[in-house]
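# Coordinates in review
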Amino acid sequence: MNFNKIKFGASGNPLNFFKSEFGKDRLGVIEWSAKLGLNAQERQMTYGARMKEDDAIEFGKRARKFGVSLSIHGPYYVVLNSKKEKVIENSIKELIKTTRLADLMGAKKVVFHPGFGRDIKKIIEGLKEVEKEKPKSVVICPETTGKISQSGDLNEVLEICENTECEPCIDFAHLHARGQGSLMEEDDFRKVLVEIEKRLGKKSLKDLHCHFYPIEFTEKGERVHRAVTEENVFPRFESFANLIKEFKMAPTLISESKNTQDIGALEMKRTMEELR
Ligand SMILES: [Zn+2]
């Protein structure tokens, strides 16, 4: 296992960051993450790709200086299969804007939620439009989403990737929630990895972009994120960790553990370190 190639990071700015000496500087999360021992960070642009260009450039400079690999979570209001033509148009524009900001900061991946419902033809068409305009260095990553009403079960995400230049973002908590608690044993996770490898190949699996944290769900899927510091919450990273070794992966592991993204990311790092 190439432990040094695995990326561990927090999603957004955790509570502990705001409490720290770095918390007053809105770009300080890079240095704070690096000091903790994390080497990735997922910038949240879930409410809009609105960062100033100068800030994006500065953020990227710091990321390179401190050895932190960046990704961006794109806006929630992107809906590439909306019934309204105007919404699709705006979604395409917004995704392109996000990839340009990603390019400015040197982020390689832009994660997004593809849309609603089971029609993914329009999503693929929209992504092809985005791909004409986006910087070459940036890869768009449709995410496996948590609510059954959303587009983005595993099959749909893989189908989108098969028909575009996209790579998947596998949010394991969302898969678990959609599947009504489907990711408990190591074998449950293995099935997911085997399917990704079969459909997209070894390279996509090796570089997989992952979200991992515990979640609570209802019959409709995702209800709320839970924290790794709580008891009896699932899915659990220990059930997945061995497979990273078995499949010779070097994934990016982003924690969205509720208010404790830093603690979640550090726990994953510690677990992998023990398997070294
Ligand atoms: Zn997401």
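Structure: above.
Here's what I pulled together on the structure shown here. (Residues numbered from 1 in each chain as written. Predicted model: local features only at pLDDT ≥ 70, side-chain atom pairs only at ≥ 80, totals over all residues. Heavy atoms only, no water.)

### A look at the pairing of strand β10 (residues 252-255)
- Judged by which residues are buried, β10 turns out to be covered on both faces: Thr252 and Ile254 on one side and Leu253 and Ser255 on the other are all buried.
- For strand β1 (residues 7-11) and β10, the ladder comprises four bridges, and the chain directions are parallel. By the bridge assignment for β10, Lys7 is matched with Thr252.
- Judged from the four bridges that link them, strand β7 (residues 209-212) and β10 form a sheet pairing that is parallel. Directly across from His211, in β10, lies its bridge partner Ile254. (Buried < 20%, exposed > 50% of the residue type's maximum accessible area, 1.4 Å probe, protein only. Helix = DSSP H or I, 4+ residues; strand = E, 2+ residues; numbered from the N terminus. Pairing = 2+ DSSP bridges.)

### Side note on the nonpolar core
- By size, the foremost hydrophobic cluster in this structure holds 38 residues, and its most contacted members are Met51, Phe59, Leu70, Leu80, Leu95, Met105 and Leu127.
- Among the elements of the structure, α2 (29-36), α3 (53-65), β3 (69-73), α4 (85-105), β4 (109-112), α5 (121-133) and α6 (154-162) are those that each provide at least two residues to this core.
- If you tally residues by element for this core, the top one is α4, at seven residues.
- Apart from the residues lying within four places of it in its own chain, the contact partners of Phe59 are Leu27, Val29, Ile30, Gln41, Arg43, Met51, Leu70 and Met105.
- Of all hydrophobic cores here, the second largest spans 29 residues; its members include Ile6, Cys210, Leu253 and Ala265. (Core = buried A, V, L, I, M, F, W, Y, C linked by side-chain atoms within 4.5 Å. Contact = heavy atoms within 4.5 Å.)

### Some points on the packing of aromatic side chains
- Taken as a whole and judged by the stated rule, the model has 12 aromatic pairs.
- Judged by centre distance (5.5 Å) and plane angle (45 degrees), the rings of Phe189 and Phe240 are tilted. Separated by 51 residues along the polypeptide, Phe189 in helix α8 (residues 186-200) and Phe240 in helix α10 (residues 238-246) bring together distant segments of the chain.
- Classification of Phe189 by relative accessible area gives buried; the value is 0%.
- Between the aromatic rings of Phe212 and Phe240, the centroid separation amounts to 5.6 Å while the plane-to-plane angle is 25 degrees, which identifies the pairing as stacked. Taken together, the residues Phe212 in strand β7 and Phe240 in helix α10 connect sequence positions 28 residues apart. Neither residue differs from the other here; Phe212 and Phe240 are each classed as buried.
- Among the aromatic residues, those joined into a ring-pair cluster are Phe172, Phe189, Phe212, Phe237 and Phe240.
- One Lys or Arg, Arg43, reaches over the ring of Phe59 and ends 4.8 Å from the middle of that ring. (Phe/Tyr/Trp six-rings, centres within 6.5 Å; stacked < 30°, edge-to-face > 60°. Lys NZ or Arg CZ within 6 Å of the ring centre and 35° of its normal.)

### Remarks on the coordination of the zinc ion
- Looking at the zinc ion, one finds its protein donor set to be His73 (NE2), His113 (NE2), Glu143 (OE) and Glu143 (OE), positioned 2.2 to 2.6 Å from the metal centre.
- Mapped onto the sequence, the residues coordinating the zinc ion show the spacing H-x39-H-x29-E. Here His73, found in strand β3, pairs with His113, found in the loop between β4 and α5; they are 40 residues apart in sequence, far enough to count as distant. For the pair shown, His73 and His113 are each scored as buried. (Donors = N, O, S within 2.8 Å, 3.2 Å for Na, K, Ca; no water.)

### Some points on the sheet that holds β4
- Taken in spatial order, the eight strands of this open sheet run β5-β4-β3-β2-β1-β10-β7-β6, and their pairing is parallel. Whereas interior strands pair on both sides, the edge strands pair on one side only; in this sheet they are β5 (139-142) and β6 (169-171). Strand-to-strand twist in this sheet, taken as the mean axis angle between neighbours without regard to direction, amounts to 25 degrees.
- Bridge count between β6 and β7: three bridges; the pairing is parallel. Directly across from Cys169, in β7, lies its bridge partner His209. (Axes fitted to C-alpha atoms, helices over the stretch in contact; angles between N-to-C directions.)

Taken by themselves, the reported measurements are silent on function.
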